[in-house]
There are 2 protein chains.
Amino acid sequence: MKQNTRHTYEFPRPALATDCVIFGFDGGELKLLLTEREKEPFRNKWALPGGFVFIEETTEACAKRILFEKAGVKHVFIEQLYTFSEPDRDPRERIVSVAYFALVNKHQYDVIAGRDTLKAEWFEISNLPKLAFDHGKMVKMAIQRLKGKVSYQPIGFELLDEKFTLSQLQTLYEAILGNPIDKRNFRKKILGMGLLTELNEKEKNVARKAARYYSFNNKAYKELTQKGFHFEL
Amino acid sequence: MKQNTRHTYEFPRPALATDCVIFGFDGGELKLLLTEREKEPFRNKWALPGGFVFIEETTEACAKRILFEKAGVKHVFIEQLYTFSEPDRDPRERIVSVAYFALVNKHQYDVIAGRDTLKAEWFEISNLPKLAFDHGKMVKMAIQRLKGKVSYQPIGFELLDEKFTLSQLQTLYEAILGNPIDKRNFRKKILGMGLLTELNEKEKNVARKAARYYSFNNKAYKELTQKGFHFEL
DNA sequence: TCTTATTAGTGTATTTTTTACACTTTGACA
DNA sequence: TGTCAAAGTGTAAAAAATACACTAATAAGA
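Cut-offs and rules
- Residues numbered from 1 in each chain as written.
- Chains lettered and ligands numbered in written order.
- Predicted model: local features only at pLDDT ≥ 70, side-chain atom pairs only at ≥ 80, totals over all residues.
- Heavy atoms only, no water.
- Helix = DSSP H or I, 4+ residues; strand = E, 2+ residues; numbered from the N terminus.
- Buried < 20%, exposed > 50% of the residue type's maximum accessible area, 1.4 Å probe, protein only.
- Contact = heavy atoms within 4.5 Å.
- Areas by Shrake-Rupley, 256 points an atom, 1.4 Å probe, with all protein chains shown as cover.
- Lys, Arg positive; Asp, Glu negative; His and termini not counted.
- Charge placed at Lys NZ, Arg CZ, Asp CG, Glu CD.
- Pairing = 2+ DSSP bridges.
- Near = heavy atom within 4 Å.
- Polar contact = N/O pair within 3.5 Å; in protein donor to acceptor, adjacent residues only side chain to side chain.
- Least-squares fit on C-alpha atoms with pLDDT ≥ 70 in both.
- Axes fitted to C-alpha atoms, helices over the stretch in contact; angles between N-to-C directions.
- Parallel < 35°, antiparallel > 145°, perpendicular 65-115°, else oblique.
- Nonpolar A, V, L, I, M, F, W, Y, C, P; charged D, E, K, R; others polar.
- Domains from an automatic or database assignment.
- Buried area = accessible area lost by both parts, 1.4 Å probe.
- Salt bridge = Lys/Arg side-chain N within 4 Å of Asp/Glu carboxyl O.
- Phe/Tyr/Trp six-rings, centres within 6.5 Å; stacked < 30°, edge-to-face > 60°.
- Lys NZ or Arg CZ within 6 Å of the ring centre and 35° of its normal.
- Expected span 1.5 Å × (residues − 1).
- Arc of directions from axis to C-beta.

### Observations regarding the overall build of chain A
The helix and strand tally for chain A stands at 6 helices and 10 strands. For chain A, the C-alpha atoms occupy an extent of roughly 70 × 45 × 30 Å along the three principal directions. Scored against the burial criterion, the 233 residues of chain A give a buried share of 47%. For chain A, long-range pairs separated by at least 24 residues make up 65% of all intrachain contacts whose partners lie at least 6 apart in sequence. Accessible area for chain A stands at about 12,500 Å²; split by element, carbon and sulfur atoms hold 49% of it. Averaging the locations of the 38 positively and 31 negatively charged side chains of chain A gives two centres separated by 3 Å.

Below, the structure written as structure tokens:
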């Protein structure tokens, strides 16, 4: 350590960055928000929004900052995904990246995004462009994680509006899990959990029977969880 | 980037390290392998084995190296757990740590460890000493992860000998999940999966009916998995 | 205002899975 | 040869998951 007491070791350090896989949903297929790279390498290619970690911020704080700066996304569900550390994953130099995934209410986002000049676009998950760096790997892992998690944690609601119909919820689950679900069994199960608040409000201006709105009751969820309840769909 | 083409950014970088939560089992309670710190900070305190990441190795390679250098453990199951990045998690300076968890066959390990002079010791999970840094958090998370994973991935076998009795397997699951399991139902389920090879060998020198040995059939597991089979216990 | 199109909303019977439960067998040792 | 300790084994009941089809409501268009 010699004259330097600030550093615990002298050999070269990898740079540290975060990248974000951002999921959105608007009724059809599951979507990802990608940004176009402005600089080399991979200039003009699509990539996950990402950036370097400042010396005084956690990687999660960094991911949230990047989410806002590069994608215009704020106040959303975010969770650490995996840390990618292949020495050659970035052609410039050694960069270790802590990947996060975020669940965004697309409607809300689109309002914000309209005001910005960010080069960010939604892509259907089944129709993604080739991505820069190892971002393809990150996306693959994020989809897998979302699929796995959505069945035993009520995180799907993050992708919907505050109020939603049971059909919207079902469509979302079908989009994530990739298989059709029986309507009656789905409703029976989800309502049986007691996590949804039935609202006194229905859809308007639909050319069919209007569906009732529900909202996710987070308070009930936490209380039940404390009593040993396990969400499972 | 100007004159500097080697570095993608100039501001100070966190140091990068890995720490390993090492699980072992010998029939009673689940155990953790801890090492005594030789240097400050936390000199003479118990901690997870850990160390800095070299510039040309992945974090996983680093974890495996540390596992061997500091705990004498080689060729074991290892999986990335989580990346810890609180700016003050290390009193020396900013160090981001990618935590891993490892599953070790304790019998095999004890043979190796006997030859070494490492200050490493097994502690029962219910009786851990206070740990250095944020290692307590890491351990907590690792236990949670192991609990969650053991039911839908056949990783428990990593903790047992190549051949094991069904009672040993059951005792292991009981130790991890923390609740008793019905013997007949357990056997029915695990044998029904077709993942265990029945060996023509029984326990010796036991003062009771000798139990049959089984081994985990990894080939069968992979084949079944490809056909859409999902392990679940 | 009547018809059409479209999705909301609902219950039951069957199958599958999970759970609860107790006695006989085996082998070492005293 | 009796005792002790854990191995090994099946069935019935309960719970959960699945399969399945019609009526209700509303807007749009004839």
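### Remarks on the sheet that holds strand β9 (residues 196-202) of chain B
Residues and elements named next belong to chain B. Strand order across the open sheet formed by 3 strands is β8-β10-β9, with antiparallel pairing between neighbours. Of all the strands in the sheet, the pair left with one neighbour each is β8 (163-164) and β9. Inspection of the sheet shows β9 paired to strand β10 (residues 212-216) by 4 bridges, in the antiparallel sense. Each residue of the ladder has a partner; that of Thr-197, found in β10, is Ser-215.

### Concerning the protein's contact with DNA strand D
The environment of DNA strand D is made up of 19 residues, and the closest members are Val-206 of chain A together with Ser-167, Lys-183, Arg-187 and Arg-212 of chain B. Close to the protein, within 4 Å, the atoms of DNA strand D are drawn from sugar and phosphate at a rate of 39%. A distance of 3.0 Å separates a base oxygen of DNA strand D from a polar side-chain atom of Lys-188 of chain A. Separating a phosphate oxygen of DNA strand D from a backbone N or O atom of Arg-212 of chain B is a distance of 2.8 Å. Among the elements of the structure, α5 (183-192) of chain A together with α5 (183-192) of chain B are those that each provide at least two residues to the surface near DNA strand D.

### Concerning the relation of the copies chain B and chain A
Between chain B and chain A, the superposition needs a rotation of 180° and an axial shift of 0.0 Å, giving an RMSD of 0.1 Å. One copy is carried onto the other by what is essentially a two-fold rotation axis. Here 97% of the contact residues of chain B are again contact residues in chain A; the copies associate through an equivalent surface.

### Looking at the packing of helix α4 (residues 166-177) of chain A against α5 of chain A
All names here are of chain A. α5 packs onto α4 with a crossing angle of 105° between their chain directions and a minimal axis gap of 11 Å. As summarised for this structure, α4 and α5 are arranged roughly perpendicular, according to the angle between their axes. For the pair α4 and α5, contact is made by Leu-166, Ser-167, Leu-169, Gln-170 and Tyr-173 and by Lys-183, Phe-186, Arg-187, Ile-190 and Leu-191, respectively. For the contact of α4 with α5, the class distribution of residues is 6 nonpolar, 2 polar and 2 charged.

### Re the protein's contact with DNA strand C
Taken together, 20 residues form the shell around DNA strand C, and within it Ser-167, Lys-183, Arg-187 and Arg-208 of chain A together with Lys-209 of chain B come nearest. When the atoms of DNA strand C within 4 Å of the protein are sorted by group, sugar and phosphate make up 40%. Between DNA strand C and Arg-212 of chain A there is a distance of 2.9 Å, counted from a phosphate oxygen to a backbone nitrogen or oxygen. Secondary structure elements with two or more residues in the surface near DNA strand C: α5 of chain A together with α5 of chain B. In terms of residue class, the surface near DNA strand C is built from 5 nonpolar, 2 polar and 13 charged.

### Examining the domain arrangement of chain A
Residue and element names in this part refer to chain A. Taken domain by domain, chain A comprises domain 1 (15-150) and domain 2 (156-226). Between the C-alpha centres of domain 1 and domain 2 there is a distance of 27 Å. With 15 residues of domain 1 at the contact, the number on the domain 2 side is 12 residues. For the pair domain 1 and domain 2, the two sides together bury roughly 1,200 Å², of which 67% comes from carbon and sulfur. Summed over the shared surface of domain 1 and domain 2, the result is 4 residue pairs in polar contact (both at pLDDT 80 or more). Grouping the amino acids of the side of domain 1 that touches domain 2 by side-chain chemistry returns 8 nonpolar, 5 polar and 2 charged.

### Observations regarding the pattern of salt bridges
Residue and element names in this part refer to chain A. Enumeration over the complete set of coordinates arrives at 28 salt bridges over all chains. With a shortest N-O distance of 2.6 Å, Arg-92 and Asp-90 are connected by a salt bridge. In this structure, a network of salt bridges that share partners links the residues Asp-19, Arg-89 and Asp-134.

### Some points on the packing of aromatic side chains
The full count for this structure, using the stated rule, is 21 aromatic pairs over all chains. Ring centres of Phe-54 of chain A and Phe-11 of chain B lie 5.2 Å apart, and the angle between their planes is 85°; on these two criteria the pair is classed as edge-to-face. Taken together, the residues span two chains, with Phe-54 of chain A in the loop between β4 (50-52) and α1 (59-71) and Phe-11 of chain B in the segment before β1 (15-25). By way of ring pairs, the aromatic residues Phe-157, Phe-164, Phe-216 and Tyr-221 of chain A are connected into one cluster. We note Lys-74 of chain B situated over the ring of Phe-68 of chain B; from NZ or CZ to the ring centre the distance is 4.4 Å. Residue placement shows Lys-163 of chain B over the ring face of Tyr-213 of chain B; its charged tip is 5.8 Å from the ring centre.

### Digging into helix α3 (residues 135-150) of chain B
Residues and elements named next belong to chain B. When the terminal C-alpha atoms of α3 are compared, their 22 Å separation across 16 residues agrees well with the 22 Å that a helix rising 1.5 Å per residue should span. Inspection of α3 places His-135, Met-138, Val-139, Ala-142, Leu-146, Lys-149 and Val-150 among the buried residues, and these make up the whole buried set. The buried side chains of α3 occupy one side of the element, clustering within an arc of 105° when seen end-on. Along α3, exposed side chains directed more than 90 degrees from the buried face belong to Lys-140 and Gln-144. Of the surrounding secondary structure, the elements contacted by the buried residues of α3 are β1, β2 (30-36), β3 (46-47), β5 (77-84), β6 (95-103) and α4 (166-177).

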